[in-house]
Amino acid sequence: MGITLIAALLLGATSSEPVFDYDRPFVYNSAGTLKKDDLLFPLVIGYPSPQMTRRNFAFGLTDKMTVESSLMLNLLLVTNLRLKMRMVNSPSFIMSLAPELIYNPDLNGNNDDYTLLGISLPMTVKMERGSFLSLTPGYRRSMKGVSNMSTSQAQDILRFGVNQPWVDIDYLSVIDDRSAVALNVHVTIPVGGTILENGAELGPYTTFTGKMEYLRGVGKSTRIGLAILYNPLWLPLGFDAPENSPSADFLPQLSIWWKLPTGKAKPKKGRLRGGKVPTFRRAKTGGLTGKLKMAPVALPIPAAPAPVAAPVAAPVVAPVAPTPEPAPAPVGPDDK
């Protein structure tokens, strides 16, 4: 049944719309954020592990601010929130600031609740078209409750990098519009440690985990991830698996993501509310008259110049023939 479902999802892509972008990385493998009102909703199938219970639910509060959480931990009444705030957004570099809160209440009244605060700085560099490298240094601190626990209880929490610096390295390679490969390495740096009230000194620990995942887009809004997890229980070096837990270096994991827009749909151009087409359509603004009408201050629209009458030529007067001079009088014999 499971194999049939996976095969149907992988082969059921009918939309030609691209799922992965060659110029912008996927939000969970980078410092990027979601668009406003976009929702990422996951379904993760695998052995319960830190990779599975980490933040895998996201919602875009604004185009620059995304809230992330873990649905599984929320079902266990563990408050876990991270706010990823984008600080730098350029074509080749993205940087965000991400404070986080983890609070586990004690429902039995034994004062075993604890509070963790942390902060990280995700940074993503675009190496080339479709290739992205992310570096996320961070630090988590125990604010309440962990030092009051027994040694075994505190170790179960501190092995996740509490009171120690850590770093995540992510690499994302876009194969085509509908598929990508993602690699992740998490390292807890052995600096710091915790002293319990009973005097036990725990840590610092060196923890190394990894994840290799193939991501496939199905349809318009669905992504499928097939992953192999290394050190899925996040055991520090020298630690054995807890009781009733598998002693395995590698475990598979299947994840299905749905990206859903929850904001109001923008009305189509040229239509009014109720789907009515306006009676008068807006005049084109490409010409000089349209540009003058769209100006912030109304400008006078020049009127077409009045036609100028062609000059009338003066009539040509025919030349007058000169008057002939009178003939000289004849000379008489007496004119001398």
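Note: the structure precedes this text.
Every chain begins its residue count from 1, and numbering advances along the sequence as written. pLDDT decides what is reported in this predicted model: residues at 70 or higher carry local features, side-chain atom pairs at 80 or more are listed and counted, and totals for whole chains, interfaces and linings draw on all residues regardless. Think of the side-chain values as coming from all heavy atoms in the structure, minus any hydrogens and water.

A short note on the nonpolar core
Buried residues of nine kinds, namely Ala, Val, Leu, Ile, Met, Phe, Trp, Tyr and Cys, make up a nonpolar core once their side-chain atoms join them within 4.5 Å. Type-normalised accessible area, obtained with a 1.4 Å probe on protein chains alone, sets the label of each residue: buried when under 20%, exposed when over 50%, and partly exposed for intermediate values. Ranked by size, the top nonpolar core spans 16 residues in total, and within it Phe 20, Phe 26, Val 27, Tyr 28, Leu 40, Leu 172 and Leu 215 carry the most contacts. Secondary structure elements are taken from DSSP: a helix is a run of H or I of four residues or more, a strand is a run of E of two residues or more, and numbering for both begins at the N terminus. Elements with a contribution of two residues or more to this core: strand S9 (164-176) and strand S10 (179-188). Two residues form a contact once any of their heavy atoms are found within 4.5 Å. Setting aside residues up to four positions removed in sequence, Phe 20 forms contacts with Val 174, Asp 176, Asp 177, Arg 178, Ser 179, Ala 180, Leu 215, Arg 216, Gly 217 and Arg 223. Core analysis: the next-biggest nonpolar cluster, separate from the first, contains 14 residues, Val 78, Ile 102, Tyr 114 and Ile 157 among them.

Side note on the packing of aromatic side chains
A pair of aromatic rings is counted whenever rings of Phe, Tyr or Trp (Trp by its six-membered ring) have centres within 6.5 Å, and the orientation is called stacked for planes under 30 degrees apart, edge-to-face for over 60 and tilted otherwise. Applying the stated criterion to the full structure yields nine aromatic pairs. For the pair Phe 160 and Trp 234, a centre-to-centre distance of 5.9 Å together with 65° between the ring planes defines the contact as edge-to-face. With a gap of 74 residues between them, Phe 160 in the loop between helix H4 (151-158) and S9 and Trp 234 in the loop between strand S14 (222-230) and strand S15 (250-261) connect regions that are remote in the sequence. Under the relative-accessibility criterion, Phe 160 is labelled partly exposed at 27%. Ring centres 5.4 Å apart and planes at 50° place the aromatic pair Tyr 230 and Phe 250 in the tilted group. Of this pair, Tyr 230 sits in strand S14 while Phe 250 is found in strand S15, placing the two residues 20 residues apart along the sequence. Residue class for Phe 250 comes out exposed when judged on its relative accessible area of 52%. Taken together, Phe 20, Phe 26, Tyr 28 and Trp 257 form an aromatic cluster joined through their ring pairs. Cation over ring: Arg 223 sits above Phe 20, and NZ or CZ is 5.6 Å from the ring centre. Comment: the charge-over-ring label is applied if NZ (Lys) or CZ (Arg) is within 6 Å of the ring centre and within 35 degrees of the ring normal.

Side note on unusual backbone geometry
Geometrically, the link from Gly 203 to Pro 204 is a cis peptide bond, its omega value of 0° lying close to zero. With respect to the secondary-structure elements, Pro 204 resides in the loop between strand S12 (201-202) and strand S13 (207-218). At Leu 77, a residue that is not glycine, the phi angle is positive and equals roughly 65°. By secondary structure assignment, the location of Leu 77 is in the loop between helix H3 (71-75) and strand S4 (79-89).

Concerning the pattern of salt bridges
Basic side-chain nitrogens of Lys or Arg form a salt bridge, by our definition, when they fall within 4 Å of a carboxyl oxygen of Asp or Glu. Applying the stated rule across the entire model yields eight salt bridges. Residue Asp 23 is joined to Lys 126 by a salt bridge in which the shortest nitrogen-to-oxygen separation is 2.9 Å. Taken together, the residues span a long stretch of sequence, with Asp 23 in the loop between helix H1 (2-11) and strand S1 (38-46) and Lys 126 in strand S7 (residues 123-128) at a distance of 103 residues. Exposure remark for Asp 23: the relative accessible area of 40% places this residue in the partly exposed category. In this structure, Glu 68 engages Arg 82 in a salt bridge whose closest nitrogen and oxygen atoms are separated by 2.9 Å. Taken together, the residues Glu 68 in strand S3 (residues 65-69) and Arg 82 in strand S4 connect sequence positions 14 residues apart. Considered together, Glu 68 and Arg 82 belong to a single accessibility category, that of buried residues.

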